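# A structural walkthrough
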Amino acid sequence: MDIVMKMFASERREKITQLLKSEKRATVKGLAKEIGVSEATLRTDLSRMEMDGLLTRTHGGAVLNEEDNDTSFAVREKKNRREKLQIAQRAFSMIEEKQCILLDASSTALELARCIKNKTIRLTVVTTGLQAALELNQNPDVTVIMVGGLVTKGSGSIEGTLGISLLDYVNIDIMFTSANGLSAENGLADFNLYEVQLKKAIILKAESVVALIDSSKIEKSSSAVFASLDQIDKVITDKALSNDVSRKLDNKQVDVIISG
């Protein structure tokens, strides 16, 4: 029952985000009516989203925190570029000849794809990212496989699980994935529920899961969790974690690697 309630909450918060992106600001009454929940439930959602840094409460309503919530790929790719490159270079050092790896559609995974593009290494790379696939296809030693599905507007990623059955025919040695946030309580979370659905399915197929998370995303939350700490093997980040977060990840046997 708790899992169902969490999913409903995630769906509501995704809808709130979409409505606020469309209207820029909205009232509690208007959002509650649009989503079909009580104003009390809506206020609870807004309070939680404000705590997570996703929006700012106003008198009788809310507005998005635009700088933190522009989820277009072009904007995300430019943020913390140097840190993402460091993380990608460290991630590349984990890859071995003839492995089959998976890259999600994140901007950090795209940096890893760019590293692979210029290396002499035989690999099979499965990806949900259109831009990553185009980069990798320039390396004649890399076999590129795309997971089929719907193309997400504004991000160049694949969403949904239409093509997930192809993973029955390949063995994923390492899944490299990023997220909108990593918290010691919930694990990895993202804002697009459809991409989250796909990531959940892929994680079950991967032998090892490596999270590529720059320090700006540590102890941040988002709309929906796609991987608990129990499902993560390693985290690569650019700065040392706080003692509290480090201890919690260590208790879950998550290996933390600092790229900087």
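Treat the numbers as computed from the prediction; the structure is a model and nothing was measured. Along each chain, residue indices are assigned from 1 in the same order as the chain's sequence is written. Owing to the predicted nature of the model, reporting of local features is limited to residues with pLDDT of at least 70; listing and counting of side-chain atom pairs is limited to 80 or more, with chain, interface and lining totals taken over all residues. To obtain the side-chain values, all non-hydrogen atoms of the structure were used and water was disregarded.

## Topic: the overall build of the protein
Scanning the protein from terminus to terminus reveals 10 helices and 15 strands. Every one of the 260 residues in the protein was classed for burial, and the buried ones make up 52%. Here a residue-residue contact requires only that any non-hydrogen atoms of the pair lie within 4.5 Å. For the protein, contacts bridging at least 24 residues in sequence account for 60% of all contacts bridging at least 6. Calculation of accessible area relied on Shrake-Rupley with a 1.4 Å probe; when residues are assessed, cover is drawn exclusively from the protein chains displayed. Carbon together with sulfur atoms contributes 49% to the accessible area of the protein, which is approximately 13000 Å² in total. In this description a helix means any DSSP run of H or I spanning at least four residues, a strand means any run of E spanning at least two, and both kinds are numbered starting from the N terminus. When a residue's accessible area, from a 1.4 Å probe over protein chains only, is under 20% of the maximum for its type it is buried; when over 50% it is exposed; and in between it is partly exposed.

## Looking at the nonpolar core
With 34 residues, the main nonpolar core has Val126, Ile172, Leu182, Leu188, Ile232 and Leu249 as its most contacted residues. Examining the composition of this core, we find that 5 residues originate from one element, helix H9 (residues 193-203), more than from any other. In contact with Val126, not counting residues within four places along its chain, are Cys100, Ile101, Leu102, Leu103, Ile145, Val147, Leu167, Val170 and Ile172. Counting residues in each nonpolar core, the second largest holds 26 residues, with Ala91, Ile121, Leu123 and Leu212 among its members. Here, the term nonpolar core denotes a set of buried Ala, Val, Leu, Ile, Met, Phe, Trp, Tyr and Cys residues that are joined through side-chain atoms within 4.5 Å.

## Topic: unusual backbone geometry
Positive phi is not limited to glycine here, since Glu219 has a value of about 60°. Structurally, Glu219 is set in the loop between strand S12 (209-212) and strand S13 (224-227). The phi dihedral of Gln253 falls on the positive side, at around 60°, and the residue is not glycine. Looking at the element boundaries, Gln253 is found in the loop between helix H10 (243-251) and strand S15 (255-258).

## Section: the sheet that holds strand S11 (residues 187-190)
One open sheet accounts for 3 strands, arranged S10-S11-S13; its pairing is antiparallel. What marks the edges here is a single partner per strand, and that holds for strand S10 (181-183) and S13. Across the sheet, the mean angle separating the axes of adjacent strands is 40° when strand polarity is ignored. Pairing between two strands requires that DSSP report at least two bridges joining them. With 3 bridges joining them, S10 and S11 adopt antiparallel strand pairing. Within S11, the residue paired with Gly181 across the bridge is Ala189. All axes are obtained by fitting lines to C-alpha atoms, using only the stretch in contact for helices, and the reported angles, taken between N-to-C directions, cover 0 to 180 degrees.

## Things to note about the packing of helix H6 (residues 81-92) against helix H7 (residues 107-117)
Following both chains from N to C, one finds H6 and H7 inclined at 55°, their axes separated by 8 Å at the closest point. Taken together, the axes of H6 and H7 lie oblique to each other. Where H6 crosses over H7, the two elements pack in a sense that is right-handed. Contacts between H6 and H7 pair Arg81, Lys84, Leu85, Ile87, Ala88, Gln89, Ala91 and Phe92 from the former with Ser107, Thr108, Glu111, Leu112, Arg114, Cys115 and Ile116 from the latter. Amino acids outside the nonpolar list (Ala, Val, Leu, Ile, Met, Phe, Trp, Tyr, Cys, Pro) and the charged list (Asp, Glu, Lys, Arg) are all regarded as polar, and Gly is one of them. Per-class residue counts for the contact of H6 with H7 are 8 nonpolar, 3 polar and 4 charged. Here the angle decides the label: under 35 degrees means roughly parallel, over 145 means roughly antiparallel, 65 to 115 means roughly perpendicular, and every other value means oblique. Should the near helix be turned counterclockwise from the far one by less than a right angle, the crossing is left-handed, whereas a clockwise turn marks it as right-handed.

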